[in-house]
Amino acid sequence: MNVKKIREDFPLLLANPDLTYLDSAATSQKPACVLRAEREFYECHNANPLRGLYELSENATKCYEDARKTVQHFIGAARPEEIIFTRNATESLNLVAYSLGSLLLKPGDEVVVSIMEHHSNLLPWQMVCRQTGATLKFLECDQTGFLSDETLENAITDKTRLVAIAQVSNVLGRTAPIEKIVKLARKHGAVVVMDAAQSAPHMPINVKDLEVDFMAFSGHKLMGPMGIGVLYGKKELLEEMPPFLTGGEMIDSVSRTGAVFAPLPHKFEAGTVNAAGAWGLKAAIEYLQQIGFDEIKRREEALTSRALEGLKEIPHVHVLGSEKAEEHCGILTFTIDGVHPHDVSAILDADGIAVRAGHHCAQPLMEYLGVSTTTRASLFFYNTEEEIDAFVESMKTVRRRMGYGE
């Protein structure tokens with residue numbers, strides 16, 4: 001991979017040569033082709049999709065539906081109508097929780113989640129369990145994020161109606177054993193919802209091979225625009241579920257007393273859709289495929305290994321999770337003795353290095369690991385060895401700049 005050439009595709013990186021951006025797990029930078037795609041939609045195709053019978057609106061509709069087909073092929077879905085466009089992974093997961101929860105759950109049923117879940121894949125299930133009388137049950141990992149077979153088998157039982165699991169932890173970077181989880185869930189007749197927000201930018205996903213029932217991801221984490229997300233769902237389940245939002249475009253007909261809802265996927269896409277965002281997401285996926293996941297994985301593992309080895313040499317720095325770079329998916333979360341993560345972030349920022357500090361929307365995991373807040377550096381294929389070295393060198397100075405003698 002010619003990283004120098006790759007970085008020329010990213011206007012923000014070009015315009016800020018002194019910036020080391022290590023917060024791609026929060027949102028990735030956008031290549032010029034994505035920015036052009038959004039602009040192109042508004043300059044050349046701007047009309048309300050699905051509503052007009054004139055040529056411009058038909059062109060807008062075609063762009064929107066072409067983007068849906070691109071996503072379909074990207075994740076290996078059987079049909080384009082199994083792809084629902086949302087604002088982000090959070091909205092996708094809420095859609096499943098609220099629309100499916102009332103149909104699926106009753107008192108005595110159990111919903112299984114992992115302790116590593118982002119709040120977006122936890123709070124919706126907390127709420128739907130309160131509403132239905134179901135019980136929320138946690139899969140507890142070891143300190144590296146590993147989920148053992150025994151843990152899975154003890155948690156997923158005949159009482160389990162749904163398992164909600166992130167494919168990759170946004171704190172530890174650990175990849176969950178999705179195939180084992182799906183196999184156990186099928187054995188007990190449970191539905192599987194997979195949060196792919198952190199995995200979709202870094203690894204190939206085929207929903208037919210994984211056999212998950214639902215999968216969600218956000219466009220902005222894989223170089224697409226903010227404000228566009230995806231929910232995949234098996235057609236037979238989506239058809240049974242009531243709409244999450246009601247209003248314009250998601251109906252076939254409306255009377256004074258009721259309505260006939262539109263067929264999939266439009267039943268779940270109420271109101272004016274984010275067609276420009278979908279068109280930008282299409283461009284992002286095509287760019288990602290052009291780079292190739294094999295090359296992305298190789299690049300990210302090399303950078304992660306370089307950073308991990310550098311951090312290990314710094315006294316008072318503690319990296320959470322596995323000691324193996326390949327088990328971090330480009331995510332390194334750490335603490336420094338005696339220094340608050342917000343101070344770590346501020347010091348690194350003074351050196352032109354952008355990292356994330358806080359609980360990373362995963363407070364139950366923080367409590368489970370015995371920390372309140374941490375600092376997170378997250379890498380993507382556009383980062384360089386020089387940036388990793390600058391990050392490590394800056395980290396070496398943090399305690400001294402906070403007044404410690406070492």
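Above this text sits the structure in question.
These numbers come from a predicted model, not from an experiment.

Let's talk about the sheet that holds strand β8 (residues 229-233)
With mixed pairing, the seven strands of this open sheet are ordered in space as β2-β8-β7-β6-β5-β3-β4. At either end of the open sheet lies a strand with only one pairing partner, and these are β2 (83-86) and β4 (135-139). Adjacent strand axes in the sheet meet at a mean angle of 20 degrees, parallel and antiparallel pairs treated alike. Relative to strand β5 (residues 160-166), strand β3 (residues 110-114) runs parallel, the two being bridged by four bridges. Its bridge partner being in β5, Val111 is matched across the sheet by Leu162.

Focus on the packing of helix α5 (residues 89-104) against helix α6 (residues 123-132)
In contact at an axis separation of 9 Å, α5 and α6 are set at 15 degrees when each is read in the N-to-C sense. What the angle tells us is that α5 and α6 run roughly parallel. Relative to α6, the crossing made by α5 is right-handed. Of the residues in α6, those in contact with Leu93, Asn94, Val96, Ala97, Tyr98, Gly101 and Ser102 of α5 are Pro124, Trp125, Met127, Val128, Gln131 and Thr132. Of the residues assigned to the contact of α5 with α6, the class counts are eight nonpolar, five polar and no charged.

Describing empty space enclosed by the protein
This model, assessed by the stated rule, comprises two cavities of 30 Å³ or more. Size it by volume and the largest cavity reaches roughly 40 Å³. Every residue along the wall of the largest cavity is listed here: Phe74, Ile75, Ala200, Met203, Pro204, Ile205, Met215, Phe217 and Phe293. Looking at the lining of the largest cavity, the elements with two or more residues in it are α4 (55-75) and β7 (214-218). Class assignment of the residues belonging to the lining of the largest cavity gives a composition of nine nonpolar, no polar and no charged. The computed volume of the second largest cavity comes to approximately 40 Å³. Lining the second largest cavity, in full, are Ser114, Met116, Glu117, Ile165, Ala166, Val168, Ser169, Arg174 and Ala176. In terms of residue class, the lining of the second largest cavity is built from five nonpolar, two polar and two charged.

Quick look at helix α13 (residues 341-350)
Taken residue by residue, α13 has Pro341, Val344, Ser345, Ile347 and Leu348 as its buried positions. Angularly, the buried residues of α13 cover 165 degrees about the axis, an arc narrow enough to put them on a single face. More than 90 degrees from the buried face of α13, the exposed residues found are Asp349 and Ala350. Residues of α13 that are buried sit in contact with β12 (331-336), β13 (353-354), β14 (356-358), β15 (374-378), α15 (385-395) and α16 (398-401). The positive-phi residue at the C-terminal boundary of α13 is Gly352, with phi of around 80 degrees.

Side note on the pattern of salt bridges
Evaluated as defined, the whole model comprises 24 salt bridges. Connected via shared salt-bridge partners are Asp23, Arg356 and Arg376.

Comments concerning the sheet that holds β12
Each strand in a sheet pairs with its neighbour through backbone hydrogen bonds, running either in the same direction (parallel) or in the opposite one (antiparallel). Read across the sheet, four strands follow the order β11-β12-β15-β14 without closing on themselves; strand pairing throughout is antiparallel. Both outer strands of the open sheet, β11 (317-319) and β14, are each paired with one neighbouring strand and no more. Each strand axis lies, on average, 30 degrees off the axis of its neighbour in the sheet, ignoring direction. Strand direction decides the pairing type here: β11 and β12, joined by three bridges, are antiparallel. By the bridge assignment, Val317 is partnered in β12 with Ile336.

Thoughts on the packing of aromatic side chains
Within a pair of aromatic rings, the relevant descriptors are the distance that separates the centres and the angle that separates the planes. The full count for this structure, using the stated rule, is 12 aromatic pairs. Residues Phe74 and Phe217 carry aromatic rings whose centres are separated by 6.3 Å and whose planes lie at 70 degrees to one another, so their mutual orientation is edge-to-face. Taken together, the positions of Phe74 in helix α4 and Phe217 in strand β7 put the pair 143 residues apart, joining distant regions of the chain. Accessibility classification places Phe74 together with Phe217 in one group, the buried group. When the ring of Phe380 is compared with that of Tyr382, the centres are 5.2 Å apart and the planes differ by 80 degrees; the resulting orientation is edge-to-face. Like Tyr382, Phe380 is buried. Aromatic rings pair up to connect Phe10, Tyr287, Phe380, Phe381 and Tyr382 into one cluster.

Here is what the cut-offs are and how they apply
- Residues numbered from 1 in each chain as written.
- Predicted model: local features only at pLDDT ≥ 70, side-chain atom pairs only at ≥ 80, totals over all residues.
- Heavy atoms only, no water.
- Pairing = 2+ DSSP bridges.
- Helix = DSSP H or I, 4+ residues; strand = E, 2+ residues; numbered from the N terminus.
- Axes fitted to C-alpha atoms, helices over the stretch in contact; angles between N-to-C directions.
- Parallel < 35°, antiparallel > 145°, perpendicular 65-115°, else oblique.
- Left-handed = near helix turned anticlockwise from the far one by under 90°.
- Contact = heavy atoms within 4.5 Å.
- Nonpolar A, V, L, I, M, F, W, Y, C, P; charged D, E, K, R; others polar.
- 1 Å grid on protein atoms, 1.4 Å probe; cavity = no way out; pocket = protein on both sides within 12 Å on 5 of 7 lines; lining within 4 Å.
- Points joined across faces, edges and corners; volume = space filled by probe spheres on them.
- Buried < 20%, exposed > 50% of the residue type's maximum accessible area, 1.4 Å probe, protein only.
- Arc of directions from axis to C-beta.
- Salt bridge = Lys/Arg side-chain N within 4 Å of Asp/Glu carboxyl O.
- Phe/Tyr/Trp six-rings, centres within 6.5 Å; stacked < 30°, edge-to-face > 60°.

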